[in-house]
Amino acid sequence: GNSVTQMEGPVTLSEEAFLTINCTYTATGYPSLFWYVQYPGEGLQLLLKATKADDKGSNKGFEATYRKETTSFHLEKGSVQVSDSAVYFCALSSSGSARQLTFGSGTQLTVLP
Amino acid sequence: DGGITQSPKYLFRKEGQNVTLSCEQNLNHDAMYWYRQDPGQGLRLIYYSQIVNDFQKGDIAEGYSVSREKKESFPLTVTSAQKNPTAFYLCASSIDRGNTGELFFGEGSRLTVL
């Protein structure tokens, strides 16, 4: 079956530091890959996505590249802000699956001023 | 503005009681979903519905029930048979029944069993 593995948190960084959150996956076929973000007390929001190998998703300064050879979709940001503090979820969607997404366990990010 | 509205935001229940969580969307989306979120864990799918009057069990459906009488509404009942119901519940919708993977989420309902 499908699965998503994220680096365990929590991750604590100082403002303007570089961020990487690792995500690897197992899936049949050619899944689409996603990063969702959950701010405190809220539901999840789509942050970025990539639908085929070598695609790069980007939004709000965050980037992730779909690497089929390493089955990875690592999230990066060059300079984090306090407002980026949230939980980040990596997810995949397999072709033909009406159940939609398989989520990773989430990574808590705290950015200190 | 279009979106998903969940209510109540916070709910307390005594053991042995059933409770119903409301989820309404005005996005005209076909598919709707219920997820459960526990601390330090990812989201687990409870039920999903691709069309009115039809729904399927997800990975952790035991102790839960749903209905889909209207396209806009997908209420979740947490029954007394659910052994550990304290959790954060998230409702979501998607534009089609396929696998676009882009879900729109409500703000969640936090259920606490006393």
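S.K.: Which parts of the structure should I look at to understand the overall build of chain B?
M.R.: Check the secondary structure of chain B and you find zero helices and eleven strands. Each helix and strand of chain B, placed in order from N terminus to C terminus, yields the pattern β-β-β-β-β-β-β-β-β-β-β. For a compact globule of 114 residues, the expected C-alpha radius of gyration is about 13 Å, and chain B comes in at 13 Å, within 12% of that figure. Once the C-alpha set of chain B is aligned to its principal axes, its extents read approximately 35 × 25 × 25 Å. For chain B, the proportion of its 114 residues judged to be buried stands at 49%.

S.K.: Explain the sheet that holds strand 9 (residues 75-77) of chain A here, please?
M.R.: Whether parallel or antiparallel, the strands of a sheet pair through hydrogen bonds between backbone atoms. Residues and elements named next belong to chain A. Read across the open sheet, the four strands follow the order 3-9-8-7; overall the sheet is antiparallel. Each having just a single partner strand, strand 3 (19-21) and strand 7 (56-59) make up the two edges of the open sheet. Across the sheet, the mean angle from the axis of one strand to that of its neighbour is 15 degrees, orientation sign disregarded.

S.K.: What is the right way to look at the state of the cysteines in this model?
M.R.: A covalent bond between the sulfur atoms of two cysteines is what we call a disulfide. Residues and elements named next belong to chain A. On inspection of all chains with the given rule, the structure shows two disulfides over all chains. Between Cys 23 and Cys 90 runs a disulfide, and the two sulfur atoms are separated by 1.9 Å. Between Cys 23 and Cys 90 the sulfur-sulfur dihedral comes to about -70 degrees; the bridge is accordingly left-handed. With a gap of 67 residues between them, Cys 23 in strand 4 (residues 23-26) and Cys 90 in strand 10 (residues 86-93) connect regions that are remote in the sequence.

S.K.: Just checking my understanding: could you explain the pattern of salt bridges for this structure?
M.R.: Residues and elements named next belong to chain B. Per the stated rule, a full pass over the model turns up eight salt bridges over all chains. The residue Glu 107 makes a salt bridge to Lys 9 at a minimum N-O spacing of 3.6 Å. Taken together, the positions of Glu 107 in the loop between strand 10 (104-105) and strand 11 (109-113) and Lys 9 in the loop between strand 1 (4-7) and strand 2 (10-13) put the pair 98 residues apart, joining distant regions of the chain. Residue classification places Glu 107 among the partly exposed positions, given a relative accessible area of 46%. A residue is classified by how much of its surface remains accessible, and Lys 9, at 36% relative accessible area, is partly exposed. In this structure, Lys 71 and Asp 30 form a salt bridge, with 3.5 Å as the shortest nitrogen-oxygen distance. Of this pair, Lys 71 sits in the loop between strand 7 (64-66) and strand 8 (76-78) while Asp 30 sits in the loop between strand 3 (19-25) and strand 4 (31-37), and the two are 41 residues apart along the sequence. Of the residues examined, Lys 71 reaches a relative accessible area of 24% and is grouped as partly exposed. Salt bridges sharing common partners tie together Arg 36, Asp 38 and Arg 44.

S.K.: What should I look at first to understand the pairing of strand 1 (residues 3-6) of chain A in this one?
M.R.: Note on strand geometry: in a regular strand, side chains alternate between the two faces of the sheet. Residues and elements named next belong to chain A. Residues Val 4 and Gln 6 of strand 1 are buried on one face, while the alternating residues Ser 3 and Thr 5, pointing to the opposite face, are not. Bridge count between strand 1 and strand 4: four bridges; the pairing is antiparallel. Bridging across to strand 4, Thr 5 finds its partner in Thr 24.

S.K.: How should I be thinking about the interface of chain A and chain B in this particular structure?
M.R.: Contacts between chain A and chain B engage 22 residues on the former and 28 residues on the latter. Counting the surface lost from both chain A and chain B, the interface buries some 1800 Å², and carbon and sulfur atoms represent 50% of this. Taken together, chain A and chain B are joined by one salt bridge. Joining chain A to chain B, the criterion identifies two residue pairs in polar contact (both at pLDDT 80 or more). Those elements that place two or more of their residues in the side of chain A that touches chain B are strand 5 (32-38), strand 6 (44-50), strand 10 and strand 11 (101-103) of chain A. Considering only residue class, the side of chain A that touches chain B consists of eight nonpolar, eleven polar and three charged.

Rules used in this analysis
Residues numbered from 1 in each chain as written. Chains lettered and ligands numbered in written order. Predicted model: local features only at pLDDT ≥ 70, side-chain atom pairs only at ≥ 80, totals over all residues. Heavy atoms only, no water. Helix = DSSP H or I, 4+ residues; strand = E, 2+ residues; numbered from the N terminus. Rg over C-alpha atoms; globule rule 2.2 N^0.38 Å. Buried < 20%, exposed > 50% of the residue type's maximum accessible area, 1.4 Å probe, protein only. Pairing = 2+ DSSP bridges. Axes fitted to C-alpha atoms, helices over the stretch in contact; angles between N-to-C directions. Disulfide = S-S within 2.5 Å. Salt bridge = Lys/Arg side-chain N within 4 Å of Asp/Glu carboxyl O. Contact = heavy atoms within 4.5 Å. Buried area = accessible area lost by both parts, 1.4 Å probe. Polar contact = N/O pair within 3.5 Å; in protein donor to acceptor, adjacent residues only side chain to side chain. Nonpolar A, V, L, I, M, F, W, Y, C, P; charged D, E, K, R; others polar.

Everything listed here is a matter of coordinates, which is why it stays silent on function.
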